[in-house]
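Secondary and tertiary structure notes
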Amino acid sequence: MLQIKRIYQEADPKDGLRILVDRLWPRGISKERAHVDRWEKELAPSDELRRWFGHDPERWQEFKSRYGAELEGQGELLHEVAAKAANGPVTLLYAAKDEEHNNAVVLQELIGKRAPR
C-alpha cells in the first residue's frame, strides 16, 4: 500500500515506512516530530523545476511530464519503493500546502505503475 501525507500531519503506525520526498527539509518541523524513516532527496524535483512549477495548477500537466523525465534515472530507487509498498504500508511525505498538485502525487502514480503484481 502506497499513500501520501503532508509531513505536518501526525505520524500514525498505519503509515508504515515514512519516506520524505522533498529536496529541502520542511520548515518548522523537527526531525523528532517528523518521524521520517528515510529521506530520499533523489526522488524530489530539481530546484529549477520546483521553482518553475511554483504549485501553479495551470502548469501541473507540464510539471508532471518534466518531473517524470527527471525521475527516469531513478528507476532502481522507484522499484525499491514499489517493492516495499507491495509488502506493507509506505507513506510518501511532502511539505507542500497544495495536496493535489505536488511531487508526492506524481510519485505515487509512477511508483504504483511499478508495483510488483
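Residues numbered from 1 in each chain as written. Predicted model: local features only at pLDDT ≥ 70, side-chain atom pairs only at ≥ 80, totals over all residues. Heavy atoms only, no water.

Along an α-helix, a turn takes 3.6 residues, which lines up residues three or four apart on a common side. In this model helix 4 (residues 75-87) runs 19 Å from its N-terminal to its C-terminal C-alpha over 13 residues, within 8% of the 18 Å that 1.5 Å per residue would give. Every buried residue of helix 4 is listed here: Gly 75, Leu 77, Leu 78, Val 81, Ala 82 and Ala 85. The buried residues of helix 4 occupy an angular sector of 165° when projected down its axis, which confines them to one face. Along helix 4, exposed side chains directed more than 90 degrees from the buried face belong to Glu 76 and Asn 87. (Helix = DSSP H or I, 4+ residues; strand = E, 2+ residues; numbered from the N terminus. Expected span 1.5 Å × (residues − 1). Buried < 20%, exposed > 50% of the residue type's maximum accessible area, 1.4 Å probe, protein only. Arc of directions from axis to C-beta.)

Let's shift gears to the nonpolar core. Ranked by size, the top nonpolar core spans 24 residues in total, and within it Leu 43, Val 81, Leu 92, Leu 107 and Ile 111 carry the most contacts. Going through the elements one at a time, helix 2 (47-53), helix 3 (60-71), helix 4, strand 4 (90-94) and helix 5 (103-114) are the ones with two or more residues in this core. (Core = buried A, V, L, I, M, F, W, Y, C linked by side-chain atoms within 4.5 Å.)

On to helix 3. The terminal C-alpha atoms of helix 3 lie 16 Å apart, and with 12 residues this matches the ideal 16 Å at 1.5 Å per residue to within 8%. Those residues of helix 3 that sit buried are Trp 60, Phe 63, Tyr 67 and Leu 71. Viewed along the axis of helix 3, the buried residues span an arc of 65°, placing them on a single side of the element.

A positive phi angle, near 50°, is found at His 35, a position not held by glycine. If you trace the backbone, His 35 turns up in the loop between helix 1 (31-34) and strand 3 (38-39). The partly exposed category is assigned to His 35, whose relative accessible area is 45%. Although it is not a glycine, His 55 sits at a positive phi angle of roughly 55°. When you line up the elements, His 55 lands in the loop between helix 2 and helix 3. We classify His 55 as partly exposed; its relative accessible area is 33%.

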